[in-house]
Amino acid sequence: MKASALSLLFIAQLAADVDSFGIKSLFTRNTQLRATNDESDKKRVVVIGNGMVGQRFMENLIDLDTDKKCVISTFCEEPRAAYNRVKLTSYFETRNPSALSMTSEFDNEGRTPWYEENNVELLLNDKVVSVDTKSKTVTGASGKIIDYDVAVFATGSYPFVPPIPGKQRPGVFVYRTIEDLEAMLAYVKENNVKSAAVIGGGLLGLEAAKAVADMKVESHIIEFAPILMCRQIDQGGHDALVGKIEEMGLKVHCGARTESFVGENGSTDMEDMSPVSALRFSNEGWDDLDVQMVVVSAGIKPRDELARDTDIAVGERGGIVVDEQLKTSVDGTYAIGEIALYNNFIYGLIAPGYDMAGVCSKIIAQEELGYDLGLEETPAFTGADLSTKLKLLGCDVASFGENQPNPDDADVSNLVWNDPIGGIYRKLIFNKAGTRLRGGILVGDASDYSKLHKVAVQGGELPENPAMLLAPSSARGDVEEEELSEDPNTQVCSCNDVTRGQIADTIKELGVDGATLKEVKTCSKAGTGCGGCEPDVKTILKQELEKLGGSLSNHLCEHFSYSRPELMALVRTDADPTSVDSFEKILHKHGHGDGCEICKPAVGSILASLNNGIILDDGRDALQDTNDRSLANMQRGGSYSVVPRVPGGEITPEQLVQMGKTAKKYNLYSKITGAQRIDFFGASKYQLPDIWEELGSVGLESGHAYGKALRTVKSCVGSTWCRYGVQDSVGFAIRVENRYKGVRSPHKMKSAVSGCVRECAEAQGKDFGMIATENGYNLYVGGNGGVNPVHAQLLATDIDEDTVIKYLDRYIMYYILTADRLERTAPWQAKLPSGKNGGGPIEHLKEVIIEDSLGICDELDRRMQYLVDTYHDEWAEVVKDPARRAKFKQFVNTDEVQTREEMIEFIDQRGQVRPTNWLPDGQPQTNWKPDTTDVFSRSEKSWVSVGKTSDFAPNVGSAILYGDSQLAVFNNAQRGEWYCTQNMCPHKQAFVLSQGIIGGTADGIAKVACPLHKKQFDLADGKGLDSDLSLITFAVKIEGDEVMVELPSTEEVDAILGTKGLRVQSSCSELDISGTELEKEILNGVRNTTVTVI
């Protein structure tokens, strides 16, 4: 669109909706602040800096100032109020600054309601330029001058940039603010950055390296010292950490002497502005490192320039000198956080900063405001414990106590655990006698940090053999999480110095009904810093609620006040099975509301596990999650994968030939998997029935790769071919897979059969696995690979095939009936009670499955046999039935199709094709947004018939084609309502919304969840319910049996929602409508609008 047209539209919108630009709220805010300024009898506290520590100080002081004796003003030089810098790298997950806010959601001006609610004057985008301690005034860059009674410096620090020639170049950044991240992202995009260097290998440097990696840029960590994090870890810890980092594809260069940042023109001076293109080192033999961006994170310097222009004492190497009460050398002025120099030391962590904020607020409340706080001792900051536990680049890193004693300290005895294969390094430092733990370093596994920290810092008791503390929990085989101390003085949150007792008190104040995890975190501040203690907070919440007679909710969702096992029990034991044989009946009997994307698939799974009906029949397709509804896994861009079952890995030449023909015909990307079968990728949904008809012609069945069901039973060749084999592992694997294929369960299941103890099929890493012996098989259960690998446990030894099957029938059905939603066998098994005589959950399983201690084996046997007897190949059922095949039609209103290539570009990769890469969130072709108002508000619309009511299945979405645009029509039969939206999910511009599950929120909003990433949208107005994304919506009405949608012309809709314009591709171009009829229509609409410019 031409600039002139855009300008006219902008002016028209401004006149039409003044408040949308925040003008009305500005008038309101100024009125409130004038009232504040009239309160001359109150003391004015000015906080210089609105970072995390400054914000915490204000919150503390407001809590103490019960009689409202002071008013607070705070200067914030950034464009938004306080946010959590500790979690800065998580910004890439949402690109939403509000996710980092210290108070609540930011408005369009970067403010939150907290400031007005607490009568705090927030001066955004206003950097303090001078402080006059004689006249007691603070002056901002805006020219605003504020008198103060008390001034608190909370200016923090700025990144230290070494005087390296070339630091002035474009492409050289620091890592400190959201704006820094946005500037980097823009530079990466505009300059096609492929490789970047991060200067600094400390805490901040590694965080910056993660930020660079999150931008999909090759990341090089450049560290001057011989090891990373030299203040926290030693050489052994460095080696383990580097191993983890390099596994992620990052490069580490320690001992690096950076000489200059080289420009594209080869210059290396301090004036040239050629963009950076390389790092040059003074290390002998080191080549230049080609990079297109540099991020400097080499430490911090306190921002003390304001104090240097006053008579406030400043340290020789920076920082405002403070005493134990955080007072400076000038009366009425204080300093906290990274600006404060206490005992000649700057504390760069958030926890000491919060300690300072707490002390300073109490001192000001007592001495400046005149409160009697009833304290026995004067509050004092006397230093801080610098112990820390972090997760850097996915790796646990912790240090505590005296982690690096002086080299000449003779009272030292070290114990070291070094596991280079597992990437775990632990060093515990004791006194010479071994009677006291002085400190330690933990890399790779810091799960017992809290216990070790307490022993070291608080002088806890050591075991008789202190070496018992050394091994990581992963090596000890511990299943349970570290036990939390019951001591109310135990620190749980080091960032905010919150103890267990304070969390418990918060829970009691909130009560059983009000104590949710979110409320406990908000009220106690625990878990709101780095977030590392959140699991402990959740555990304490569970324990304290039980003491109060309540419990931490394990409800399935807001529509069912039961867990999955509880709901399963209600359904399977109902005296009238016909009263609970559908979602609607179960919801009516045991729940409320409309259901949602959580409970619908869970109930669908329960019905499949008990009744085993075809999941697409009788409205059950409306319950199925992303993949089950299409009987295929949805892949990037909305295409699907096709995975035939290959029992035991055995396949015939005829089947291989047909697979090849089908893959070639539909141009499918083909890959042999680690599960001994072949996957095909890139099928359109409308092609799936035809593909499966061809595969079924040679006896290939659904592999259920899309379902929470048995995936595969892997096997070695066993005794039929292998010289070591002692049993026919292939034959038994085929028998096992054919018995349990299609059985729906709480989560996916995998199995394997090894033909001898050499274990080539890796049976002990599966949900259930069999290893052949001379006398039969050893049966293992409860293992899994994945993110948290678990070794399976031995259930029975030397049993024959029939006995294996009997025990597996019972094990699998016991799991199906009692596991939680989306719970794998390993965690389910770990939560089971111990056997009667001890021995843990595996002994309990032996008692239930082998000895029938609960008297339920008959039911388990019967239910499993029913599932086996009623097995059906889901794709064969679809292929032979025209009504089921019709569910895979792309558009209900036309036989026309849009191919996968029309929606996302497919690119060549090693002789095959695949969809082009999605870009990170926030970059072009992601997080698509229409105008904030109805983009078609001035368009002439008409009612268009898009099909018969019978064309649209109940309680699901269906796609229609309108011109070149895909729209989604939702028949919410449960409510008797119809909706129409764009079919493209704005998150990744994938045309998939009609495949999403529809449901309702607790407060009655009808919603749809995108099938790709579960983004949720209000079906009525299109607003995002969990993000700032939104949909364009259209009115729907029913006339007789016609479904009518109110739509603008196809030209107008296509200009905004046309598939051609929204196709995801390797490089995107602007849509130019200059000279088109659409431009004329928009301009005519503007010309007919009266605009008043004030």
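Conventions used here
Every chain's residues receive numbers from 1 upward, in the order its sequence appears when written. Only residues with pLDDT of at least 70 are given local features in this predicted model, and only at 80 or more are side-chain atom pairs given and counted; all residues enter the totals for whole chains, interfaces and linings. In computing side-chain values, all of the structure's heavy atoms are included and hydrogens and water are not. Counting from the N terminus, the helices are the DSSP runs of H or I reaching at least four residues and the strands are the DSSP runs of E reaching at least two. Using C-alpha atoms as the atom set, the radius of gyration is obtained and then compared with a globule rule of 2.2 Å times the number of residues to the power 0.38. With residues, only the protein chains shown are counted as cover, and all accessible areas are computed by Shrake-Rupley using a 1.4 Å probe. Only protein chains enter the area calculation, which uses a 1.4 Å probe; residues under 20% of their type maximum are buried, those over 50% are exposed, and those in between are partly exposed. It is the directions from the helix axis to the C-beta atoms that the arc portrays. Whenever a helix is involved, its axis is fitted only over the stretch in contact; in every case the axis is a line through C-alpha atoms, and angles between N-to-C directions fall within 0 to 180 degrees. Each crossing is labelled by how the near helix is turned from the far one, with a counterclockwise turn of less than a right angle marking it left-handed and a clockwise turn marking it right-handed. The contact rule is simple, with two residues in contact once any of their heavy atoms fall within 4.5 Å. Two strands pair if DSSP finds at least two bridges between them. Within 3.5 Å is the distance limit for a polar contact, defined as a pair of N or O atoms, with the added protein rule that one can donate a hydrogen and the other accept it, and that residues adjacent in sequence qualify only through two side-chain atoms. Think of it this way: a Phe, Tyr or Trp ring, Trp meaning its six-membered ring, pairs with another when their centres are within 6.5 Å, and the plane angle makes it stacked under 30 degrees, edge-to-face over 60, tilted otherwise. Only buried residues count toward a nonpolar core. Its members are Ala, Val, Leu, Ile, Met, Phe, Trp, Tyr and Cys residues joined through side-chain atoms within 4.5 Å.

### Regarding the overall build of the chain
Tallying secondary structure elements over the chain gives 31 helices and 51 strands in all. Over its C-alpha atoms the chain spans a radius of gyration of 33 Å, differing by no more than 12% from the 31 Å that the globule rule assigns to 1094 residues. Each principal axis of the C-alpha distribution contributes one length, and for the chain these read about 90 × 90 × 70 Å. Of the roughly 48,500 Å² of accessible surface on the chain, a fraction of 49% belongs to carbon and sulfur atoms.

### Some thoughts on helix α14 (residues 517-524)
Buried within α14 we find V520, K521 and S524. One side of α14 holds all its buried residues, which, seen down the axis, span an arc of 100°. Backbone geometry just after α14 places K525 at a positive phi near 75°.

### As for the packing of helix α22 (residues 801-818) against helix α24 (residues 840-850)
The angle between the axes and the distance between the axes are what describe a pair of packed helices. Closest axis-to-axis distance for the α22/α24 pair is 10 Å, and the angle between their directions is 115°. Judged by the sense of rotation from one axis to the other, the crossing of α22 with α24 is right-handed. Along the contact surface, α22 presents Y807, R810, Y811 and Y814, while α24 presents H844, L845, V848, I849 and I850.

### What to know about the sheet that holds strand β5 (residues 137-140)
Sheet architecture is open: three strands sit in the order β4-β5-β6, paired in antiparallel fashion. At either end of the open sheet lies a strand with only one pairing partner, and these are β4 (128-132) and β6 (145-147). Sheet twist, expressed as the mean angle between neighbouring strand axes with direction ignored, is 20°. Pairing of β5 with β6, which is carried by three bridges, proceeds in the antiparallel orientation.

### Section: the sheet that holds strand β43 (residues 977-982)
Across a sheet, paired strands are connected by hydrogen bonds in the backbone, their directions being either parallel or antiparallel. Read across the sheet, four strands follow the order β41-β42-β43-β49 without closing on themselves; strand pairing throughout is antiparallel. This sheet does not close on itself; its edge strands, each paired only once, are β41 (957-962) and β49 (1033-1034). One ladder, built from six bridges, connects strand β42 (residues 965-972) with β43; its direction is antiparallel. Residue V969 lies in a different strand from β43, and its bridge partner there is C980.

### A closer look at the side chain of Q909
With respect to the helices and strands, the residue Q909 is situated in strand β38 (residues 906-909). Side-chain polar atoms of Q909 contact the side chain of R914, separated by 2.3 Å.

### Some words on the packing of aromatic side chains
The final tally for this structure, using the stated rule, is 18 aromatic pairs. Arranged with centres 6.1 Å apart and planes meeting at 65°, the rings of Y669 and F681 form a pair that is edge-to-face. With Y669 in strand β31 (residues 669-672) and F681 in strand β32 (residues 678-683), this residue pair connects regions lying 12 residues apart in the sequence. Take F681: its relative accessible area is 25%, and that puts it in the partly exposed class. Taking 5.0 Å as the distance between ring centres and 40° as the angle between the ring planes, the aromatic pair formed by W875 and F888 counts as tilted. Here the residue W875 occupies a position in helix α26 (residues 874-879), and F888 occupies one in the loop between α27 (882-886) and α28 (900-903), the gap between them amounting to 13 residues. Of the two residues, W875 and F888, both sit in the buried class. Joined through ring pairs, the aromatic side chains of Y342, F345, Y347 and F381 make up one cluster.

### Considering the nonpolar core
In terms of nonpolar packing, the biggest core is built from 118 residues, with F57, L241, M293 and I336 touching the most fellow members. Tallying contributions element by element places helix α10 (residues 350-368) first for this core, with nine residues. Core analysis: the second largest hydrophobic core is formed by 58 residues, V743, Y777, V781 and A819 among them.

### Remarks on unusual backbone geometry
Backbone geometry places H704, a non-glycine residue, at a positive phi of 55°. Position of H704 among the secondary structure elements: in the loop between α20 (688-696) and β33 (710-715). Although it is not a glycine, Q925 sits at a positive phi angle of roughly 70°. Among the secondary structure elements, Q925 is positioned in the loop between β39 (912-915) and β40 (942-948).

### What to know about the side chain of S684
Positionally, S684 belongs in the loop between β32 and α20. Its relative accessible area of 8% is what places S684 among the buried residues. Discounting chain neighbours no more than four positions away, the residues touching S684 are Y640 and R900.

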